[in-house]
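# Coordinate inspection notes
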Amino acid sequence: ETIKCKTANYEQFGATAVDVKVSINGEGWTVNKLSYSYFANTVARNCTAFGPGVLPNVVFGVGVPFLIQARDTLNERRTSGGDHFAARVVPAEGGLQGDAVIVDLQDGRYEVTYSVPQPGVYLVHVSHADLGGSEAVAIRGSPFKVEAADPWVKHRVLGQLPVTRTVSGCDSAELPWPLAGKHGGRVLCACRQTAASNII
């Protein structure tokens, strides 16, 4: 049989864990008990976001993740789910918006993955519907400004090439290959062409 009841007002005690027992028809309390937690409500101004998706530089065309950490009125981390967060990714200067998906991890954290369709500067808005409020409220730091770039751009390596060394007993002027270890503070290597071991 399912028993439904209204939880007691625990405001004078605050957020805490309690044990739930049942008395049927005035009989003694049950030996078995259930654990129940009173928790303080989530407040947007205390919630934080972190991860690659809220760093200044991201890429477009692929999913970019970040996490939301829910915090309550006492600025403590929430340890359960069920909050109502929303994420919206909009271009800073107008255009196509990005798509965002939020997954409740049921431990006070929420995983957000979004993607944007083209390179440019975007604003990542994250908000929470606080209990008793009529509108969603931005979390701490929102909106996050990010710049999306092409993930396939190959960056040039600048600087001078390493100095080549000639290994004694080897006709190759290339660098020692491969490094095999150290011997008395000197490097023991093998010649690519002759496969002879040398100490340099």
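Residues numbered from 1 in each chain as written. Predicted model: local features only at pLDDT ≥ 70, side-chain atom pairs only at ≥ 80, totals over all residues. Heavy atoms only, no water.

## Remarks on the overall build of the protein
- Broken down by element type, the protein carries zero helices and 14 strands.
- Seen in sequence order, the protein has helices and strands lined up from the N terminus as β-β-β-β-β-β-β-β-β-β-β-β-β-β.
- In the protein, the proportion of contacts linking residues at least 24 apart, taken out of those at least 6 apart, comes to 51%.
- On the protein, roughly 14400 Å² of surface is accessible, and the fraction owed to carbon and sulfur atoms is 53%. (Helix = DSSP H or I, 4+ residues; strand = E, 2+ residues; numbered from the N terminus. Contact = heavy atoms within 4.5 Å. Areas by Shrake-Rupley, 256 points an atom, 1.4 Å probe, with all protein chains shown as cover.)

## Here we look at the packing of aromatic side chains
- Applying the stated criterion across every chain yields a total of two aromatic pairs.
- When the ring of F66 is compared with that of Y114, the centres are 6.2 Å apart and the planes differ by 65°; the resulting orientation is edge-to-face. Within this pair, whereas F66 is found in strand 5 (residues 64–69), its partner Y114 is found in strand 8 (residues 109–115), the two being separated by 48 residues in sequence.
- Given a relative accessible area of 2%, F66 falls into the buried group. (Phe/Tyr/Trp six-rings, centres within 6.5 Å; stacked < 30°, edge-to-face > 60°. Buried < 20%, exposed > 50% of the residue type's maximum accessible area, 1.4 Å probe, protein only.)

## Focus: the sheet that holds strand 8
- In space, the four strands of this open sheet follow the order 3-5-8-7, with antiparallel pairing throughout. One side of each edge strand has no neighbouring strand; the edge strands of this open sheet are strand 3 (48–50) and strand 7 (99–104). Taken over all neighbouring pairs, the strand axes of this sheet differ in orientation by 25° on average, direction set aside.
- Looking at chain direction, strand 3 and strand 5 are connected through three bridges and run antiparallel. Each bridged residue has a counterpart across the sheet, and for A49 the counterpart in strand 5 is I68. (Pairing = 2+ DSSP bridges. Axes fitted to C-alpha atoms, helices over the stretch in contact; angles between N-to-C directions.)

## Comments concerning the side chain of S142
- Following the sequence through the fold, S142 ends up in the loop between strand 10 (137–138) and strand 11 (144–149).
- Within the local environment of S142, its side chain forms a polar contact with the backbone nitrogen of V126, the two atoms lying 2.9 Å apart.
- The contacts of S142, once residues within four sequence positions are left out, are V124, H125 and V126. (Polar contact = N/O pair within 3.5 Å; in protein donor to acceptor, adjacent residues only side chain to side chain.)

## Topic: the side chain of D83
- The topology assignment puts D83 in the loop between strand 5 and strand 6 (85–91).
- Only 2.9 Å separates the side chain of D83 from the side chain of T42, close enough to count as a polar contact.
- Not counting residues within four places of it along the chain, the set of residues in contact with D83 comprises T42, A70, R78, Y110 and H128.

## Re the pairing of strand 8
- With burial as the criterion, only one face of strand 8 is covered, namely that bearing Y110, V112 and Y114; the residues R109, E111, T113 and S115 on the opposite face remain uncovered.
- With six bridges joining them, strand 5 and strand 8 adopt antiparallel strand pairing. Its bridge partner being in strand 8, P65 is matched across the sheet by T113.
- In terms of strand pairing, strand 7 meets strand 8 through six bridges, oriented antiparallel. The residue of strand 8 that forms the bridge with D104 is Y110.
- In this antiparallel pair of consecutive strands, strand 7 and strand 8, the connection spans four residues, and Q106 shows a positive phi of 65°.

## Regarding the nonpolar core
- Counting residues in hydrophobic clusters, the biggest one holds 23 residues, and the most contacted among them are F66, Y114, V124 and I139.
- Going through the elements one at a time, strand 5, strand 6, strand 8, strand 9 (120–128) and strand 11 are the ones with two or more residues in this core. (Core = buried A, V, L, I, M, F, W, Y, C linked by side-chain atoms within 4.5 Å.)

## Regarding unusual backbone geometry
- Between S142 and the following residue, P143, the backbone shows a cis peptide bond with an omega angle of 5°.
- If you trace the backbone, P143 turns up in the loop between strand 10 and strand 11.
- Despite not being glycine, N25 shows a phi value in the positive range, around 55°.
- Positionally, N25 belongs in the loop between strand 1 (16–20) and strand 2 (34–38).
- The class for N25 is exposed, based on a relative accessible area of 76%.
- The phi dihedral of Q106 falls on the positive side, at around 65°, and the residue is not glycine.
- As for its placement among the helices and strands, Q106 is situated in the loop between strand 7 and strand 8.

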